[in-house]
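# Residue-level structural notes
In case you want the letters, here they are:
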Amino acid sequence: MADVFAANGTLTSYSMGRKSSGKWRVQKDELCIDRGKDDGGCYQVWLAGKKIELRREGSILPLEGVLQRQSARR
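A brief look at the structure comes next.

Bringing the nonpolar core into the picture now. Residues Leu 11, Leu 31, Ile 33, Tyr 43, Ile 52 and Leu 54 constitute the largest nonpolar core, which totals six residues. At the level of elements, strand S4 (30-34) and strand S6 (51-55) are the ones that each hand at least two residues to this core. Here Leu 54 is in contact with Leu 31, Ile 33, Tyr 43, Gln 44, Val 45, Pro 62 and Leu 63, once residues within four sequence places are set aside.

See below:
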């Protein structure tokens, strides 16, 4: 899975060969993601080098990822 966060607040997600769109914003020092249909929420962002964790209150496991420049996708 890959998420592309554009400067204009749009979010493009790629998962299992499918592309979907959403929106993102910063609210009260948290990254808030809206993918539609009750999918999304606000997260604390923890960063160590290129590794990133999105932590949500009440959730035991964070979402983990790696920051990198956008690459061309088909």
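The subject of this paragraph is the layout of surface pockets. Within this model, the largest pocket holds a volume of roughly 680 Å³. For the largest pocket, the lining is made up of 20 residues, of which Ala 2, Asp 3, Val 4, Phe 5 and Val 66 are closest to its centre. Of all elements in the fold, only strand S1 (2-5), S4, S6 and strand S7 (63-66) reach the threshold of two or more residues within the lining of the largest pocket. Of the residues in the lining of the largest pocket, the class split is eleven nonpolar, four polar and five charged. Within this model, the second largest pocket holds a volume of roughly 150 Å³. Around the second largest pocket, the lining residues are Met 1, Ser 13, Tyr 14, Ser 15, Arg 18, Lys 19, Ser 20, Ser 21, Arg 35, Gly 36 and Asp 39. Mapped onto the lining of the second largest pocket, the elements with two or more residues apiece are strand S2 (10-15) and strand S3 (18-27). Considering every element that reaches the lining of the second largest pocket, the biggest residue donor is S3, with four residues.

This part is about the pairing of strand S5 (residues 40-48). Pairing of S4 with S5, which is carried by four bridges, proceeds in the antiparallel orientation. Looking across to S5, one finds that Leu 31 is bridged to Tyr 43. The turn joining S4 and S5, which pair antiparallel and follow one another in sequence, is formed by five residues; a positive phi near 80° is taken by Gly 36. Pairing analysis gives five bridges linking S5 to S6, with the strands arranged antiparallel. If you follow Leu 47 over to S6, its bridge partner there is Ile 52. Following S5, the chain reverses through two residues before pairing antiparallel with S6; Gly 49 in that reversal takes a positive phi of roughly 65°.

Parameters at a glance
- Residues numbered from 1 in each chain as written.
- Predicted model: local features only at pLDDT ≥ 70, side-chain atom pairs only at ≥ 80, totals over all residues.
- Heavy atoms only, no water.
- Core = buried A, V, L, I, M, F, W, Y, C linked by side-chain atoms within 4.5 Å.
- Buried < 20%, exposed > 50% of the residue type's maximum accessible area, 1.4 Å probe, protein only.
- Helix = DSSP H or I, 4+ residues; strand = E, 2+ residues; numbered from the N terminus.
- Contact = heavy atoms within 4.5 Å.
- 1 Å grid on protein atoms, 1.4 Å probe; cavity = no way out; pocket = protein on both sides within 12 Å on 5 of 7 lines; lining within 4 Å.
- Points joined across faces, edges and corners; volume = space filled by probe spheres on them.
- Nonpolar A, V, L, I, M, F, W, Y, C, P; charged D, E, K, R; others polar.
- Pairing = 2+ DSSP bridges.

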